[in-house]
Amino acid sequence: MIPISYYLILSAIVFLTGVVGVLIRRNIIAILLSVELMLNATNINFVAFSDHLHDLGGQVFVFFALTVAAAEVAVGLAIIIALHRSRSTINVEEFNLLKW
Amino acid sequence: MSQLFFGYFAGMIALTSMLVVALRNPVYSALSLLVMFFHIAGLFVMLHAEFLAAVQIIVYCGAILVLYLFVVMLLNVKQDDRYHSQWRIAAIVCVPLVIESIVLLAGGAGTMVSSRNSEPHDAVATDNTLAIGQTLFSTYLFPFEVASLVLLVAMIGAIVLAKRDIGEVR
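In this report, the structure presented in the accompanying data block is examined. Predicted model only: the values in this text are computed from it and were never measured. (Residues numbered from 1 in each chain as written. Chains lettered and ligands numbered in written order. Predicted model: local features only at pLDDT ≥ 70, side-chain atom pairs only at ≥ 80, totals over all residues. Heavy atoms only, no water.)

Scanning chain A for helices and strands turns up three helices and zero strands. Ordered by position from the N terminus, the helices and strands of chain A form the series α-α-α. Its C-alpha atoms give chain A a radius of gyration of 17 Å, more than 25% over the compact-globule value 13 Å for 100 residues. A principal-axis box enclosing the C-alpha atoms of chain A has dimensions of 55 × 25 × 25 Å. Put simply, chain A has 100 residues, and 64% of those count as buried. In chain A, the share of contacts with a sequence separation of at least 24, taken over all contacts with a separation of at least 6, comes to 54%. For chain A, the accessible surface area stands at approximately 3,700 Å², while carbon and sulfur atoms represent 68% of it. Positive and negative side-chain charges of chain A, numbering 5 and 6 respectively, have mean locations separated by a distance of 19 Å. (Helix = DSSP H or I, 4+ residues; strand = E, 2+ residues; numbered from the N terminus. Rg over C-alpha atoms; globule rule 2.2 N^0.38 Å. Buried < 20%, exposed > 50% of the residue type's maximum accessible area, 1.4 Å probe, protein only. Contact = heavy atoms within 4.5 Å. Areas by Shrake-Rupley, 256 points an atom, 1.4 Å probe, with all protein chains shown as cover. Lys, Arg positive; Asp, Glu negative; His and termini not counted. Charge placed at Lys NZ, Arg CZ, Asp CG, Glu CD.)

This is how it looks when you write it as structure tokens:
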């Protein structure tokens, strides 16, 4: 039987990779892919604890995380297309719309 | 045997998640993310969550990743020539996670194996889909409806953002 701490370590590694990806990439699409990495790390934790505690609530919450991921992808990619239309680039260093 | 499978799945998940960040071409990043989703589905099967494994493959690999690839190929993005020089901030953010991993690996690995895990799964393993459906539509009915509302709002927002002249006077 696999101890639950192994799943926690795997999830921490994936989450850490996602955080580093959000911080160091310049491409907006790559940043969104890193956000997907972080969501999947939390999903691994949810399912591992659901199996460990014999409680189905964790698996149900993965559904809601999946809903949030789908909504984020839809809105985020629409924003990317709108940005690419107005600025013709998706490099985050070119954007200063929210800078004051 | 299960140790072997967990080792394979965990190794592939860690490797491909690092490839997602490290590869400079966004198409290759998306494809390695696809491999990671499949291996996470395998991990879900190991954890007696068969229905979630199917949903993971259908929704993530079938819907979300296809959307990513579509946008990547629509926008014709170039490769990143260099990364952000934010290694210091990234290191500061990741210090708690590294400490957590070290603590778990050193202290908690042996003690956290509970005896409950060895008994046969009654409701979780026998019919996973039935159990999830009953839980989702009885206990979590209101969050389920809220999730449908979130998806509706996201769909309307995506249409408004992507349609060029929807609020303008012609």
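Read on for the rest.
Each pair of packed helices can be described by the angle between their axes along with the distance between the axes. Close contact between helix H3 (residues 57–87) of chain A and helix H7 (residues 141–162) of chain B brings their axes to 9 Å; oriented N to C, the two are set at 10 degrees. When the axis of H3(A) is compared with that of H7(B), the two are roughly parallel. Of the residues in H7(B), those touching H3(A) at A:Phe64, A:Thr67, A:Ala70, A:Ala71, A:Ala74, A:Val75, A:Ala78, A:Ile79, A:Ala82 and A:Arg85 are B:Pro143, B:Phe144, B:Ala147, B:Val150, B:Leu151, B:Ala154, B:Ala158, B:Leu161 and B:Ala162. When the residues that make up the contact of H3(A) with H7(B) are grouped by side-chain class, the tally is 17 nonpolar, one polar and one charged. (Axes fitted to C-alpha atoms, helices over the stretch in contact; angles between N-to-C directions. Parallel < 35°, antiparallel > 145°, perpendicular 65-115°, else oblique. Nonpolar A, V, L, I, M, F, W, Y, C, P; charged D, E, K, R; others polar.)

Right, let's get into the interface of chain B and chain A. Each partner contributes residues to the interface: chain B has 81 residues there, and chain A has 68 residues. Across the chain B to chain A interface the summed buried area is about 7,200 Å²; carbon plus sulfur atoms make up 75%. Where chain B touches chain A, the interface holds seven residue pairs in polar contact (both at pLDDT 80 or more). Secondary-structure elements contributing two or more residues to the side of chain B that touches chain A are helix H1 (2–22), helix H2 (26–46), helix H3 (50–75), helix H4 (87–111), helix H6 (128–138) and H7 of chain B. (Buried area = accessible area lost by both parts, 1.4 Å probe. Polar contact = N/O pair within 3.5 Å; in protein donor to acceptor, adjacent residues only side chain to side chain.)

Take helix H2 (residues 28–53) of chain A next. For an α-helix, the turn length of 3.6 residues means that residues three or four places apart are oriented alike. Residues and elements named next belong to chain A. The terminal C-alpha atoms of H2, which comprises 26 residues, lie 38 Å apart, in line with the 38 Å expected from a rise of 1.5 Å per residue. By the criterion of burial, H2 is predominantly enclosed, with 20 of the 26 residues buried. Two residues or fewer after H2 comes His54, characterised by a positive phi angle close to 55 degrees. (Expected span 1.5 Å × (residues − 1).)

That is the geometry; function is a separate question.
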